[in-house]
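Listed below are the residues making up each chain.
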Amino acid sequence: MTESADPYDAQRDPIDYVAFQARPEFHELKHRFRRFVFPLAAAFMLWFLLYVVLAAFAHDFMAAPMLGMNVGLWFGLAQFVTTFAITMAYVRFANRRLDPRTTALRAELEAMEGGR
């Protein structure tokens with residue numbers, strides 16, 4: 001039978017993570033995340049589905065020449081540009097709005113862990 005390094009470990013109360021998740025600060029963090037991510041993900045999916053539907057059903061439109069390439073290739077390149085733009089927007093949003101709150105909540109949990 002192995003014993004823990006700290007003989008008082010068994011006497012300590014575990015952190016109530018469910019209660020911590022029920023706190024208003026945690027709910028606000030989740031709400032901010034969802035308020036940014038879900039609409040942006042839905043908009044991107046609609047944009048992508050538009051591209052797929054046009055490619056499947058609007059052959060003449062997608063094959064039309066435009067600035068040295070056809071419209072379909074421009075739409076395909078725009079998908080990549082949109083992906084990078086969304087990534088940059090999310091990183092900026094997370095750095096400004098999510099990370100400070102996440103850091104504060106994590107510090108509280110670590111303080112609770114240290115005080116056990």
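Residues numbered from 1 in each chain as written. Predicted model: local features only at pLDDT ≥ 70, side-chain atom pairs only at ≥ 80, totals over all residues. Heavy atoms only, no water.

Next up on the list: the packing of aromatic side chains. The final tally for this structure, using the stated rule, is six aromatic pairs. Here the aromatic residues F33, F36, Y90 and F93 are joined through ring pairs into a cluster of three or more. (Phe/Tyr/Trp six-rings, centres within 6.5 Å; stacked < 30°, edge-to-face > 60°.)

Another point: helix 2 (residues 24-57). Between the first and last C-alpha of helix 2 there are 48 Å, a value that for 34 residues agrees with the 50 Å anticipated at 1.5 Å per step. By the burial criterion, the buried members of helix 2 are F26, L29, R32 and L54. Considering only its buried residues, helix 2 is in contact with helix 1 (17-21), helix 3 (59-63) and helix 4 (71-114). (Helix = DSSP H or I, 4+ residues; strand = E, 2+ residues; numbered from the N terminus. Expected span 1.5 Å × (residues − 1). Buried < 20%, exposed > 50% of the residue type's maximum accessible area, 1.4 Å probe, protein only. Contact = heavy atoms within 4.5 Å.)

If you walk through the whole model with that rule in mind, you get four salt bridges. Across the pair R32 and E28 runs a salt bridge, and its minimum N-O distance is 3.2 Å. Of this pair, R32 and E28 both sit in helix 2, four residues apart, which is roughly one turn of the helix. Among the ionic contacts, a cluster of salt bridges with common partners joins R23, E25 and E108. (Salt bridge = Lys/Arg side-chain N within 4 Å of Asp/Glu carboxyl O.)

To continue, consider the confidence of the model for the protein. The predicted structure's coordinates, where accompanied by low pLDDT, should not be read in detail. Across the protein, the average pLDDT comes to 88, with 89% of residues at 70 or higher. Within the protein, helix 2 carries the highest mean pLDDT (95), whereas helix 1 carries the lowest (85). (pLDDT = per-residue confidence, 0-100.)

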